[in-house]
Amino acid sequence: MADKKGIPMRLPETETATEVYSLPFPELPKDLGALKGMKPIVVKQPYHIDYIHSYGQDSPWIAGLSNGTILGSRCKRCRNTYPQPRGHCMDCGDETEWVVLPNKAKVHTFTVCHFGSQEFLPECPFVLCLIEFKGCETLLLSRLMGVDPLKPSLKWVGMEVEAKFRRLSKTKPTDVYFVPVGS
Amino acid sequence: MRPVYMVSGGISKFAKARPDKTFQALCMEAYSYAIHDLGLEVGKFNELADGCVISYFSDHFARQLMAGIMAQDYLGLCPKPGHRVEGGGATGGLCLQEAWKSIASGHMEICPAVGFETMSHVNTWKGNEFIAHASDVSFDYPVGGFYSGYYAMMVVRHMMEYGTTAEQMAHVSVKNHMNAFYNPYAQKRQKLTVKEVREAPMVAWPLTRLDICVMSDGAAAAILASEEGVKEIEKASGKRVKKVKVTGIGRGTDAMRMADRPHRKVPLLPNEKAGDYVGKKWHGGRLEYPGIHSFRAGRMASVQAYEMAGITDPLAEIDFVELHDAYTSSEIQTYEDMGLCRYGEGGKFAASGKPFLPNITYGLPAVDKDPQKGTCPVNPSGGLIACGHPVGATGLMQAVFACWQLQKTIRKHLKKPDIQVKDAKRGAIHSHAGTGTYVTVSILEAEGGR
């Protein structure tokens with residue numbers, strides 16, 4: 001938007017428009033063929049929904065986070081433990097039971113999001129990560145805080161991290177996030 | 001199962017936005033092209049067709065439920081049988097395979113597969129949000145749902161496991177944009193350098209804007225027929241059809257939540273041994289598979305398709321591949337899943353001459369001088385990165401480019417011969433959804449076989 005001296009060169013583009021009450025149209029009955037060359041009419045149609053979303057059988061996991069506890073789902077038969085909750089085991093289909101996971105874990109991988117979905121744009125750049133817990137079969141998607149998103153490094157992979165919990169729960173998986181141990 | 005042939009295809013102009021046409025008219029643009037290529041008019045062909053399959057990915061982008069039947073109606077295929085197919089990014093690949101099933105089973109003699117997506121109806125940020133709704137809305141999306149972020153996390157692990165580099169990834173971008181330079185159907189026809197790819201704005205570290213495909217509006221159509229169906233078309237047109245036989249079909253799946261990928265043994269392709277993935281090179285002495293660095297669904301689809309087509313050494317026995325390069329990194333991961341190289345060697349493969357077209361100069365000295373340049377060109381069309389990714393059309397676009405390659409009609413359709421793979425007898429197409437949730441692989445062969 002700005003040139004090198006920081007002087008704005010263009011007016012900003014927005015998704016607001018002027019209300020229109022008439023459109024150009026040829027004299028009838030002539031010129032109908034010319035309509036084939038007409039530019040499309042593009043209008044704005046707002047769309048908003050509030051969903052009544054249930055966490056269902058996974059609800060204790062969310063309740064755990066708002067009480068400073070990370071739960072996992074464990075299959076007795078296969079000994080699989082899943083940090084993202086699963087009501088039934090991915091291998092044998094048995095119902096899982098709840099177990100408490102440790103608050104210390106490792107970064108399995110990460111990225112820094114400089115862009116993203118509209119909802120998260122104000123938070124960019126932010127660090128997404130997958131967390132590995134000792135003894136767990138699968139991983140947990142989370143946010144990594146306490147690192148400089150503008151200085152990403154492969155050295156972050158394998159880093160020891162500890163869980164932090166939001167004091168004011170949002171009943172979302174981001175009620176837990178991770179920071180380097182000792183930070 | 002009966003033999004199934006792809007007899008023609010059509011692709012609409014792909015663009016960031018196509019406000020000039022509704023989705024139905026976009027479908028007609030691709031569909032009528034495919035039919036005219038058979039030497040028929042739409043009305044005559046519709047008399048012969050037994051039904052159709054229509055694909056589009058997102059009800060959110062369409063903001064229209066049952067858009068499939070609206071497209072079928074517009075094409076003039078009512079009241080014949082039809083259904084809509086959806087499976088994320090693999091929607092188009094699934095659509096092709098559903099049409100194949102209709103014919104292979106004997107249910108139909110002629111079945112068009114038509115796919116579309118109109119992604120320009122919302123801004124890019126809202127589009128990112130819609131796409132991220134194809135991750136678990138309880139546990140993935142709220143954490144910061146962003147597909148480029150998910151793929152970036154995969155490749156960071158790939159880099160850690162295998163030593164893959166961002167520069168190797170950039171080779172894929174240079175290749176696909178350069179191939180697209182010779183493809184007028186492509187949206188981004190650019191001559192790039194590795195440096196330019198790396199210096200483009202960062203989207204999700206280490207993926208830059210030039211490592212990632214763009215949202216697009218577009219449609220594609222593939223016409224499939226049985227032996228009997230081909231005869232009917234030839235009788236109606238008075239012309240001989242250049243048949244392309246579908247000789248292999250494979251499909252695999254994986255958990256929606258990327259975090260849910262377990263760590264197990266590698267299912268082997270016919271050209272691999274268990275010993276390939278055991279030893280000091282691997283953490284703990286064994287490759288932990290699929291983890292998040294590999295796509296179990298892609299391997300499953302490849303294993304099935306190769307078995308059906310009788311392929312035992314993919315790199316030597318496939319003449320070109322059109323694969324789902326939504327990200328340069330996922331093209332590298334897919335080389336490995338499809339057995340073009342072993343796990344861990346995808347980065348090196350990307351920076352070698354093997355997946356490049358032999359007759360095009362890329363400005364990459366190591367590639368251009370490689371005596372093995374052109375062993376198995378990957379994404380000669382330019383792939384998703386350069387052609388665009390109107391999701392429901394993408395897998396069918398790959399089928400159309402593959403069909404033209406095998407019919408040796410690239411020059412006719414593109415008005416340029418450069419990306420024609422010489423002596424192409426067998427091609428593979430690969431369509432991929434989610435973080436690897438649905439993957440299809442289909443093998444197409446020219447008349448006369450290999």
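Caption draft 1: A look at empty space enclosed by the protein. Under the defined criterion, the tally for this structure stands at two cavities of 30 Å³ or more. Roughly 40 Å³ of internal volume is contained in the largest cavity. In this structure, the largest cavity is lined by Leu130 and Leu141 of chain A together with Asp140, Tyr150, Met153, Met258, Ala259 and Thr435 of chain B. In the lining of the largest cavity, the residues fall into six nonpolar, one polar and one charged. There is about 40 Å³ of room inside the second largest cavity.

Caption draft 2: Quick peek at helix H9 (residues 166-181) of chain B. Here H9 of chain B is 16 residues long and its end C-alpha atoms lie 23 Å apart, about the 22 Å a rise of 1.5 Å per residue gives. Of all 16 residues that make up H9 of chain B, 14 are buried, and the element is covered over most of its length.

Caption draft 3: Region of the structure containing the environment of alanine 393 of chain B. Residue and element names in this part refer to chain B. Looking at the secondary structure, you find alanine 393 in helix H18 (residues 391-407). Judged by relative accessible area, which is 0%, alanine 393 ranks as buried. A sequence separation of 89 residues divides alanine 393 from glutamine 304, and the C-alpha atoms of the two residues are 23 Å apart. Alanine 393 has contacts with Phe14, Gly115, Phe116, Gly218, Ala219 and Ala220, leaving out every residue within four places of it along the chain.

Caption draft 4: Quick peek at the domain arrangement of chain B. Residues and elements named next belong to chain B. Each assigned domain of chain B is listed with its residue range as follows: domain 1 (4-122 + 216-237) and domain 2 (248-446). The gap between the C-alpha centroids of domain 1 and domain 2 is 25 Å. Domain 1 puts 39 residues into the contact, and the matching count from domain 2 is 32 residues. When domain 1 packs against domain 2, close to 2500 Å² is buried across both sides, 68% of that on carbon and sulfur atoms. Between arginine 251 and glutamate 98 there is a salt bridge, and its shortest N-O distance comes to 2.9 Å.

Caption draft 5: Highlighting the packing of H9 of chain B against helix H14 (residues 328-337) of chain B. Residues and elements named next belong to chain B. One can describe the packing of H9 onto H14 by two numbers: an axis separation of 8 Å at closest approach and a directional angle of 100°. The angle between the axes of H9 and H14 places the two elements in the roughly perpendicular class. Seen from H9, the contacting residues are Gln168, Met169, Val172, Ser173, Lys175 and Asn176; seen from H14, they are Thr328, Ser329, Glu331, Ile332 and Tyr335.

Caption draft 6: Broad picture of the packing of aromatic side chains. All names here are of chain B. Inspection of every chain in the model, using the stated rule, returns 27 aromatic pairs over all chains. Consider the rings of phenylalanine 401 and tryptophan 404, whose centres lie 6.0 Å apart with planes at 80°: the pair is edge-to-face. Placement of the pair is phenylalanine 401 and tryptophan 404 together in helix H18, with a separation of three residues, close to one helical turn. Each residue in the set Tyr147, Tyr150, Tyr151, Phe295 and Tyr327 is aromatic and connected to the rest through ring pairs, giving one cluster.

Caption draft 7: Summary view of the sheet that holds strand E12 (residues 426-432) of chain B. Residue and element names in this part refer to chain B. Here nine strands make up an open sheet; going across it, the order is E3-E2-E4-E7-E1-E8-E13-E12-E11 and the pairing mixed. Of all strands in the sheet, those bounded by a partner on one side alone are strand E3 (82-85) and strand E11 (320-322). Taken over all neighbouring pairs, the strand axes of this sheet differ in orientation by 25° on average, direction set aside. Here nine bridges tie strand E8 (residues 244-253) to strand E13 (residues 438-446), and the two strands are oriented antiparallel to one another. Following the sheet pairing, lysine 245 is matched in E13 by glutamate 445.

Caption draft 8: Representation of the layout of surface pockets in the model. Residue and element names in this part refer to chain B. The volume enclosed by the second largest pocket comes to roughly 820 Å³. Taken together, 33 residues make up the lining of the second largest pocket; nearest its centre are Asn128, Ile212, Cys213, Val214 and Met215. Elements supplying a minimum of two residues to the lining of the second largest pocket: helix H6 (124-132) and helix H8 (147-162). By residue number, the principal contributor to the lining of the second largest pocket is H6, which donates four residues. Looking at side-chain class alone, the lining of the second largest pocket contains 18 nonpolar, twelve polar and three charged residues. Lining the lining of the second largest pocket are residues from two domains, each supplying at least three of them: domain 1 (4-122 + 216-237) and domain 2 (248-446).

Caption draft 9: Just unusual backbone geometry, in detail. With an omega dihedral of -5°, the bond running from cysteine 124 of chain A to proline 125 of chain A counts as a cis peptide bond. Cis rather than trans, the peptide bond between tryptophan 205 of chain B and proline 206 of chain B has omega equal to 5°. Summarising the element assignment, proline 206 of chain B is placed in the loop between strand E5 (202-204) and strand E6 (207-208). Within the chain, threonine 171 of chain A stands out as a residue other than glycine whose phi angle is a positive 45°. By relative accessible area, threonine 171 of chain A is classed as partly exposed at 46%. Even without glycine at this site, arginine 63 of chain B takes up a positive phi of about 45°.

Caption draft 10: Structural view of the interface of chain A and chain B. Contacts between chain A and chain B engage 49 residues on the former and 41 residues on the latter. A buried area of about 4000 Å², summed over both sides, lies between chain A and chain B, and 62% of it is on carbon and sulfur atoms. Considering only the side of chain A, the residues that lose the most area to chain B are Gln84, Phe115 and Leu154 of chain A, jointly responsible for 15% of the buried surface there. One can count three salt bridges joining chain A with chain B. Note that arginine 86 of chain A and aspartate 260 of chain B form a salt bridge whose closest N and O atoms lie 3.2 Å from each other. In this assembly, chain A and chain B are joined by 24 residue pairs in polar contact (both at pLDDT 80 or more). Elements that contribute at least two residues to the side of chain A that touches chain B include exactly helix H1 (59-65), strand E4 (104-113), strand E5 (126-132) and strand E6 (139-143) of chain A.

Caption draft 11: The arrangement of the pairing of E13 of chain B in detail. Residue and element names in this part refer to chain B. Burial of E13 is extensive: eight of the nine residues sit out of reach of the surface. Relative to E13, E12 runs antiparallel, the two sharing seven bridges. Across the sheet, the residue bridging to arginine 426 is glutamate 445, located in E13. The turn linking E12 back onto E13 is made up of five residues, and glycine 434 within it adopts a positive phi angle of 55°.

What counts and how
Residues numbered from 1 in each chain as written. Chains lettered and ligands numbered in written order. Predicted model: local features only at pLDDT ≥ 70, side-chain atom pairs only at ≥ 80, totals over all residues. Heavy atoms only, no water. 1 Å grid on protein atoms, 1.4 Å probe; cavity = no way out; pocket = protein on both sides within 12 Å on 5 of 7 lines; lining within 4 Å. Points joined across faces, edges and corners; volume = space filled by probe spheres on them. Nonpolar A, V, L, I, M, F, W, Y, C, P; charged D, E, K, R; others polar. Helix = DSSP H or I, 4+ residues; strand = E, 2+ residues; numbered from the N terminus. Expected span 1.5 Å × (residues − 1). Buried < 20%, exposed > 50% of the residue type's maximum accessible area, 1.4 Å probe, protein only. Contact = heavy atoms within 4.5 Å. Domains from an automatic or database assignment. Buried area = accessible area lost by both parts, 1.4 Å probe. Salt bridge = Lys/Arg side-chain N within 4 Å of Asp/Glu carboxyl O. Axes fitted to C-alpha atoms, helices over the stretch in contact; angles between N-to-C directions. Parallel < 35°, antiparallel > 145°, perpendicular 65-115°, else oblique. Phe/Tyr/Trp six-rings, centres within 6.5 Å; stacked < 30°, edge-to-face > 60°. Pairing = 2+ DSSP bridges. Polar contact = N/O pair within 3.5 Å; in protein donor to acceptor, adjacent residues only side chain to side chain.

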